[in-house]
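# Fold and contact review
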Amino acid sequence: MRDDARDFRTIFLDGVPMMDTRAPVEFAKGAFPGVVNLPLMTDLERQKVGTCYKQHGQDAAIKLGHQLVGGDIKAERVAAWAAFARANPNGYLYCFRGGLRSQIVQQWLREAGIDYPRITGGYKAMRTFLLDTLEDAVAQCRFVVVGGMTGTGKTDVLAQLPDGLDLEGHANHRGSSFGKRATGQPAQIDFENALAVDILRKRAAGIERFVIEDEGRIVGSCNVPLSLHQGMQTYPLVWLEDSFEGRVERILRDYVIDLCAEFIAVNGEERGFDLFAARLLQSLDNIHKRLGGERHQRLRAIMIDALGAQQRSGAVDFHRDWIAALLREYYDPMYAYQRDSKAERIVFAGNEGAVVAYLREAH
């Protein structure tokens, strides 16, 4: 049998398969990329055992656990663990601290004829390792921030760089008031874990400088790690530029054409379009106080007309009207102020090609 593992770095670098035996409610709060949840106990079973432990001690709790997870229930769970172990012979199992639950799963698998190793220290030790990975990168690596007006294509720049860290990609959100995707965002812990694994793998490939987009403290519902966000207020800034028309077209692509296609892919043609239209209108409504009543109603009327035309014929041309107005009247004045306040940190400015070339050369 392979030994129980404590080499977290290799486990995450190699994408080693892992079976998480914690209860579903624990898994939902945060897990690691690609991990499969095959719990020893359901949420209700775990709750009952926990109450018993508090009232009567460990021995009574273990006895209750065996009563709750016995017979056909036990056989069914062992079969699921065994199937995972056979499909992933190089994998591991774990529970929260590498304690009793993973020991029981390991023992029951052994009784079924399968020796399968577990993670020493469990989820908690691996989570601590990834948090340390994030903090070490902030302390030890150089960072460059890409800023620019709305719609200049900052994410497109990151995608062309081997040292780009896509915070919005990990958060599954485009970072603006209109940034929600057709699918939901990860839990905060999942966001941090995925970001840490990304950093770990890039550093293992020899990367010691990272390029990130200029973000607020929160990307949708995901908080940027505090030390990283604090650093973003001081890191060198590269300013991305594009024509007004180019920005309108990029926003049309990202927030209308591609977002609509996302909703339809997830929900089907009719329901998908309805949900997309509702999301777009809600995004505008979310900033109505900052827009002011008259401007909000005017842009909303334009958006409703554009959505109607799109639904009837598939044409998206009318969306350019509200996009252009929103840029001129709302986003551009706000970003112009931000650019002025950050002017002393700007080390380079140019269009997409020039910025990508600069960042590739300026290691």
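These figures come from a predicted structure and were not determined experimentally.

Now for the domain arrangement of the chain. Taken domain by domain, the chain consists of domain 1 (8-127) and domain 2 (141-362). Every contact between the two is made by 12 residues of domain 1 and, on the other side, 10 residues of domain 2. Across the domain 1/domain 2 interface, buried area totals approximately 940 Å², and carbon plus sulfur atoms make up 56% of it. Together, Phe12, Leu13 and Arg127 form the three largest contributors to the area buried by domain 1 at its contact with domain 2, with a combined 47%. Residue Glu192 pairs with Arg127 through a salt bridge whose shortest N-O separation is 2.5 Å. Across the contact surface, domain 1 and domain 2 share 5 residue pairs in polar contact (both at pLDDT 80 or more). Broken down by element, the residue count for the side of domain 1 that touches domain 2 peaks at 3 residues, all from helix H1 (residues 8-13). In the side of domain 1 that touches domain 2, the residues fall into 7 nonpolar, 2 polar and 3 charged.

Here the focus is the UniProt feature "domain: Rhodanese" (unreviewed entry) in the chain. Per the UniProt entry, the sites bearing "domain: Rhodanese" (unreviewed entry) are residues 12-135 in this numbering. Helix makes up 61% of residues 12-135 and strand 6%, and the two end C-alpha atoms of the span are 17 Å apart.

Moving on: the sheet that holds strand S3 (residues 92-94). In space, the 3 strands of this open sheet follow the order S2-S1-S3, with parallel pairing throughout. The sheet terminates laterally at strand S2 (36-37) and S3, the two strands that pair on one side only.

Ranked by internal contacts, the top residues of the largest apolar core, which has 39 residues, are Phe12, Met18 and Phe32. Here the element with the most residues in this core is helix H10 (residues 188-204); it accounts for 6 residues. Residue assignment places this core across two domains, with domain 1 (8-127) and domain 2 (141-362) each supplying three or more. Discounting chain neighbours no more than four positions away, the residues touching Met18 are Ile11, Phe12, Phe32, Val35, Val36, Phe84, Tyr92, Tyr94, Ile119 and Met126. Listed in part, the 32 residues of the second largest apolar core include Ala182, Phe244, Leu326 and Leu327.

Here we take up helix H16 (residues 319-341). For H16, spanning 23 residues, the distance from its first C-alpha to its last is 31 Å, which sits close to the expected 33 Å at 1.5 Å a residue. Of all bends in H16, the biggest is about 45 degrees, found at Tyr331, and the proline Pro333 comes one to four residues later. Every buried residue belonging to H16 is among His319, Trp322, Ile323, Ala324, Ala325, Leu326, Leu327, Tyr330, Tyr331 and Asp332, and all of these are buried. Here the buried face of H16 lies against helix H12 (244-267), helix H13 (269-285), helix H14 (288-291) and helix H15 (293-313).

With that settled, the discussion passes to the packing of H15 against H16. The interhelical angle for the contact between H15 and H16, taken along N-to-C directions, is 155 degrees, at an axis separation of 8 Å. Comparing the axis directions of H15 and H16 gives the class roughly antiparallel. The two elements H15 and H16 meet at a crossing, and its hand is left-handed. Contact with H15, carried on its side by Arg295, Arg298, Leu299, Ile302, Met303, Ala306, Leu307 and Gln310, involves His319, Asp321, Trp322, Ala325, Leu326 and Glu329 of H16 and no other residues of that element. Residues that form the contact of H15 with H16 fall into these classes: 8 nonpolar, 2 polar and 4 charged.

Under the UniProt annotation, the feature "active site" (unreviewed entry) is placed at Cys95. The topology assignment puts Cys95 in the loop between S3 and helix H6 (100-111). For Cys95, a relative accessible area of 3% corresponds to the buried category. Filtering out sequence-adjacent residues up to four positions away, Cys95 remains in contact with Thr21, Arg22, Arg101, Ser102, Gly122 and Tyr123.

This part takes up empty space enclosed by the protein. What the rule picks out here adds up to 1 cavity of 30 Å³ or more. Of the pockets and cavities examined, the largest cavity occupies roughly 100 Å³. Around the largest cavity sit Thr150, Ser176, Phe178, Ile251, Tyr255, Trp322, Ile323, Leu326, Leu327 and Tyr331, which together line it. Among the secondary structure elements, those contributing two or more residues to the lining of the largest cavity are H12 and H16. Looking at the lining of the largest cavity residue by residue, the class counts come to 8 nonpolar, 2 polar and no charged.

Rules behind the numbers
Within any chain, residue numbers begin from 1 and follow the written order of that chain's sequence. Confidence filtering applies because this is a predicted model: local features only for residues at pLDDT of at least 70, side-chain atom pairs given and counted only at 80 or more, and all residues used for totals across whole chains, interfaces and linings. The side-chain figures draw on all heavy atoms in the structure; neither hydrogens nor water molecules are used. Annotation comment: domain bounds sourced from an automatic or database domain assignment. Here, two residues are considered to be in contact whenever any of their heavy atoms come within 4.5 Å of each other. Buried area is a sum: the accessible area each of two parts loses on coming together, probed at 1.4 Å, counted once for each and added. Salt bridge, as applied in this entry: a Lys or Arg side-chain nitrogen positioned within 4 Å of an Asp or Glu carboxyl oxygen. Whenever a nitrogen or oxygen atom comes within 3.5 Å of another N or O atom, the pair is scored as a polar contact, on the condition that within protein one atom can donate a hydrogen and the other can accept it, and that pairs from neighbouring residues in sequence are kept only if both atoms are in side chains. Secondary structure follows DSSP: runs of H or I at least 4 residues long count as helices, runs of E at least 2 residues long count as strands, and numbering of each begins at the N terminus. Each residue gets one label: Ala, Val, Leu, Ile, Met, Phe, Trp, Tyr, Cys and Pro are nonpolar, Asp, Glu, Lys and Arg are charged, and the others, such as Gly, are polar. UniProt positions are given in the numbering used here, feature names are shortened, and annotations may be inferred rather than shown by experiment. Two strands pair if DSSP finds at least two bridges between them. Only buried Ala, Val, Leu, Ile, Met, Phe, Trp, Tyr and Cys residues count toward a nonpolar core, and they belong to the same one when joined by side-chain atoms within 4.5 Å. Throughout this description, buried means an accessible area under 20% of the type-specific maximum (1.4 Å probe, protein chains only), exposed means over 50%, and partly exposed covers the range between. Expected helix span is taken as 1.5 Å per residue step, with the number of steps being one fewer than the number of residues. Note that the bend at a residue is defined as the angle between axes fitted to the seven residues ending at it and the seven residues starting at it. Each axis is a line fitted through C-alpha atoms, taken for helices only over the stretch in contact, and angles between the N-to-C directions span 0 to 180 degrees. These descriptions rest on fixed angle ranges, namely under 35 degrees for roughly parallel, over 145 for roughly antiparallel, 65 to 115 for roughly perpendicular, and the rest for oblique. Each crossing gets its handedness from the near helix: less than a right angle anticlockwise from the far helix is left-handed, clockwise is right-handed. Grid points spaced at 1 Å over the protein atoms alone were grouped into cavities, where a 1.4 Å probe fits but cannot get out, and pockets, open sets with protein on both sides within 12 Å along at least five of seven lines, with lining residues defined by an atom within 4 Å of a point. Grid points are joined across faces, edges and corners, and a volume is the space filled by probe spheres set on the points.

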